[in-house]
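One-letter residues, chain by chain:
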Amino acid sequence: MANEKGITIIGVAIFFLLLVFFPKFIVQHYLLISILFIIAILLPSIIRFSRKSMTSREMVMLAVLAAIAGVSRVPFAALPSVQPTTFVIIASAIALGPQSGLVIGASAALISNMVLGQGPWTPWQMVCWGMAGFIAGLLANTFFMKHMAWRLIYGFIVGFIFGWVMNMWIFFSGFGDLTLETFVLLNTQSFLFDLAHALSNVFFLFLFSMIWIKTLNRFKEKYGVFQEDG
Amino acid sequence: MLRGFRSFHPFVLLLYYIIVIAGLMMYQHPVFLTAALLSIIFVNLILDKGVELNKWKYMIIFLALFVFVFTPLFNQQGNIVLFELFSRAFYLEAVIQGAMIALTLSGILALFTTFNIIITSDKFLYLFSKFFPKWALILMLALRFMPLFRKRLADIQDVQEMKGVSMKDGKLREKAQNGMLFIQILLTYSLEEAVQTADSMSARGYGLQKRSQYEAYLWKSRDWAMLVFLLLLSLLTLIGWKSNKTILTLTPELESMMLQGHSWFYLLSWILLISLPIWTEGKEVIKWNFYK
């Protein structure tokens, strides 16, 4: 477990170093870099995931959670940019661990795009939601996720980072040079949406994360699933 | 029975999309990009008369305009000043750059509308299961749960409305809170049900042996032919890119936009590559009219 975690963390670190020091290189080789980025982040966990022997109960539970994350947009369609998908992913990851969080997040992005239509944003959405789950799962047993205040801050940050990374796909299709100016311009366009996303994460985490985690923990105990990831 | 471009093996289709997207990003030349966009729009028309493209057209136009307007504003590299506005120079080079990015972006988006028509979710899952068998199983289960949960949510909403809990009126806060309550109910309801599904899977022997797979798509000889053809064209695409014949040089000096010599040849092979669906589908149209 420690090994895969290490590889993932190194991969993310390399990517951000590249982003900071060689933005030009990244912009010019969009395809190569974004594929490498996705591989560096997702592959170690996916390999571990496909090697692991899982009971059918665990598989079906993951599928249920991914489907709920995808479907939970439906009743909220009337309220603009309020959607609990991110909340579902974060709360489930806290209860079930980083591996499951990653799978739930990435699967939710994939299946909701299968219904709504795939686009160049699909891989970015998979990485965003997958990472939101993965990090929440990693921090589950630290004070970060145990204290409500930190959990809310995490939800708020995730809301904004999600929006920023989702704006990046336009960038990497070649939108000029990656300068601070263009970055800010692009993100002010979506500021209100990102704010709504961040605030709804905070709102849902504040009111429902306790009961959600309790429900999932109860299921873990009742049916004896996901015992090792904690 | 699938016909035309859709009937090729999913791997060949995936390769086509990877090559064309890579080509769109490499060939930064207005003539090449315009030719590509027109071909892709034509592919859309021949596949479903442009129905799918119609759904996305506002998003594509908006993004293309956004990029086209804002690139010259920020890109300050160039020699030829077109005009000045608010003490900011607008360069011809930057305008051309903006047009090229807008063309690339709309080309990629238009290509994805054909992707959604051609790579249906069963083909997508087939490709996925080749690389990640276990994850593909979860996706298949989740994909089946989606419509089921939608129905369950509607039931839950009806029942709760009788009790006076609804998302129809009240403040935003109450609406969101009630909506989340429905999701909460859906969670416990579905998890209990899911355990039954899982136990029934175990009872049928899931996990005892290596999972076997049903091959829904057979590799036919025409797939070989298409694969060889695709690889040849992509090789030409790559050579054209390496030779710089298919890229418009903007700095230090703006190149003429007219094509010369070999460029025409690369343009031909580029159009040939993108329009593969047109002539595979076009053959069917001609056959249909002939036999009628």
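So, how was this worked out
Residues numbered from 1 in each chain as written. Chains lettered and ligands numbered in written order. Predicted model: local features only at pLDDT ≥ 70, side-chain atom pairs only at ≥ 80, totals over all residues. Heavy atoms only, no water. Helix = DSSP H or I, 4+ residues; strand = E, 2+ residues; numbered from the N terminus. Buried < 20%, exposed > 50% of the residue type's maximum accessible area, 1.4 Å probe, protein only. Contact = heavy atoms within 4.5 Å. Areas by Shrake-Rupley, 256 points an atom, 1.4 Å probe, with all protein chains shown as cover. Axes fitted to C-alpha atoms, helices over the stretch in contact; angles between N-to-C directions. Left-handed = near helix turned anticlockwise from the far one by under 90°. Core = buried A, V, L, I, M, F, W, Y, C linked by side-chain atoms within 4.5 Å. UniProt positions renumbered as here; feature names shortened; annotations may be inferred. Expected span 1.5 Å × (residues − 1). Bend = angle between axes of the 7 residues up to and from the residue. Buried area = accessible area lost by both parts, 1.4 Å probe. Salt bridge = Lys/Arg side-chain N within 4 Å of Asp/Glu carboxyl O. Polar contact = N/O pair within 3.5 Å; in protein donor to acceptor, adjacent residues only side chain to side chain. Nonpolar A, V, L, I, M, F, W, Y, C, P; charged D, E, K, R; others polar. Patch = residues over 30% accessible without salt bridge, like charges linked within 9 Å, V, L, I, M, F, W, Y side chains within 5 Å.

Peer 1: What should I look at first to understand the overall build of chain B in this one?
Peer 2: Each helix and strand in chain B was counted, giving 10 helices and 2 strands. Buried residues in chain B amount to 48% of all 292 residues. Counted over contacts in chain B with a minimum sequence separation of 6, partners at least 24 positions apart contribute 73%. A total of about 15,900 Å² of accessible surface is found on chain B, and carbon and sulfur atoms cover 65% of it.

Peer 1: I keep staring at the overall build of chain A and nothing clicks. Help me out?
Peer 2: Along its length, chain A carries 11 helices and 0 strands. Element order for chain A, N to C, with α for helix and β for strand: α-α-α-α-α-α-α-α-α-α-α. In chain A, once contacts between residues fewer than 6 apart in sequence are set aside, the share between residues at least 24 apart is 74%. A total accessible area of about 9,200 Å² is found for chain A, and carbon and sulfur atoms account for 73% of it.

Peer 1: Looking at this structure, how should I read the packing of helix α5 (residues 85-96) of chain A against helix α7 (residues 122-138) of chain A?
Peer 2: Helix-helix packing is described using two parameters, namely the angle between the two axes and the distance between the axes. Residue and element names in this part refer to chain A. Relative orientation of the contacting elements α5 and α7 amounts to 35 degrees, with a least axis distance of 7 Å. The crossing of α5 and α7 is right-handed. Contact residues: α5 offers T85, T86, I89, I90, A93 and I94, while α7 offers W129, G133, A136 and G137.

Peer 1: How do you make sense of the nonpolar core when you look at a structure like this?
Peer 2: Soluble globular proteins: nonpolar side chains tend toward being buried together. Among the nonpolar cores identified, the biggest contains 145 residues, and I68, F87, F204 and W212 of chain A together with W135 and W270 of chain B are the most heavily contacted of them. Setting aside its immediate chain neighbours within four residues, F87 of chain A contacts N201, F204, L205, F208, S209 and W212 of chain A together with M180 of chain B. If you look at the next biggest cluster of nonpolar residues, it comprises 5 residues, including V12, V127, M131 and F134 of chain A.

Peer 1: Would you take a moment to explain the UniProt feature "transmembrane region" (unreviewed entry) in chain B for this structure?
Peer 2: All names here are of chain B. In this numbering, the UniProt entry assigns the feature "transmembrane region" (unreviewed entry) to residues 7-25, 31-47, 56-74, 94-119, 131-149, 224-241 and 262-280. A helix fraction of 96% and a strand fraction of 0% characterise residues 94-119, whose end C-alpha atoms lie 36 Å from each other. Helix makes up 95% of residues 262-280 and strand 0%, and the two end C-alpha atoms of the span are 27 Å apart.

Peer 1: Please explain helix α3 (residues 51-74) of chain B as it appears in this structure.
Peer 2: In an α-helix, one turn spans 3.6 residues, which is why side chains three or four residues apart end up on the same side. Residue and element names in this part refer to chain B. Under the 1.5 Å per step criterion, the end-to-end length of α3 is 36 Å for 24 residues, consistent within 8% with the ideal 34 Å. In α3, a bend of some 50 degrees at K57 exceeds every other bend along the element. Buried within α3 we find E52, L53, W56, I60, L63, A64, F66, V67, T71, P72 and F74.

Peer 1: Help me out: how do you make sense of the interface of chain A and chain B in this one?
Peer 2: Across the contact, 68 residues belong to chain A and 65 residues belong to chain B. Summing the contributions of chain A and of chain B, the shared interface buries around 5,900 Å²; its carbon and sulfur component is 83%. For the pair chain A and chain B, the interface holds 2 salt bridges. Close ionic contact of E192 of chain B with K222 of chain A constitutes a salt bridge, the shortest N to O distance being 2.8 Å. Across the chain A-chain B interface, the total number found is 8 residue pairs in polar contact (both at pLDDT 80 or more). If you list the elements that add at least two residues to the side of chain A that touches chain B, you get α3 (30-51), α4 (56-71), α6 (98-116), α9 (148-172), α10 (180-189) and α11 (191-223) of chain A. The leading source of residues in the side of chain A that touches chain B is α4 of chain A, at 14 residues. Each residue belonging to the side of chain A that touches chain B can be placed in one class, and the counts come to 47 nonpolar, 16 polar and 5 charged.

Peer 1: Just to check I follow, could you spell out the pattern of salt bridges for this structure?
Peer 2: Pairing is possible between side chains of opposite charge, provided their charged atoms come close. A complete count under the given rule lists 4 salt bridges over all chains for this structure. When the shortest N-O distance is used, the salt bridge between D199 of chain B and R57 of chain A registers 2.9 Å. Linking D199 of chain B in helix α7 (residues 172-203) with R57 of chain A in helix α4, this pair reaches from one chain into another. For R57 of chain A, a relative accessible area of 25% gives the class partly exposed. A salt bridge links R152 of chain B to E193 of chain B; its shortest N-O distance comes to 3.3 Å. Of this pair, R152 of chain B sits in helix α6 (residues 133-162) while E193 of chain B sits in helix α7; the two residues are 41 residues apart in sequence, bridging distant segments of the chain.

Peer 1: Honestly, a nonpolar patch on the surface in this entry has me stumped. Any pointers?
Peer 2: Residues and elements named next belong to chain A. Together, F143, W150, I153, I157, I161 and W164 line one region of the surface with nonpolar side chains, adding up to about 570 Å² of accessible area. Counting residues per element, the nonpolar patch draws most heavily on α9, which supplies 5 residues. By secondary structure assignment, the location of F143 is in helix α8 (residues 143-146). On the basis of relative accessible area, F143 is assigned to the partly exposed category, the value being 49%.

Peer 1: Please clarify how unusual backbone geometry should be interpreted in this entry.
Peer 2: The phi angle of most residues is negative, glycine excepted, and most peptide bonds adopt the trans form. Phi angles above zero are rare outside glycine, and K49 of chain B is one such case at about 60 degrees. Within the secondary structure, K49 of chain B sits in the loop between α2 (30-48) and α3.

Peer 1: Would you explain the UniProt feature "transmembrane region" (unreviewed entry) in chain A in this entry?
Peer 2: Residues and elements named next belong to chain A. The UniProt record marks residues 6-23, 30-47, 59-79, 86-111, 123-145, 152-172 and 192-213 with the feature "transmembrane region" (unreviewed entry), using the residue numbering of this structure. Secondary structure content for residues 59-79 is 62% helix and 0% strand, while the C-alpha to C-alpha distance between its ends is 32 Å. Its end C-alpha atoms 27 Å apart, residues 123-145 is made of 83% helix and 0% strand.

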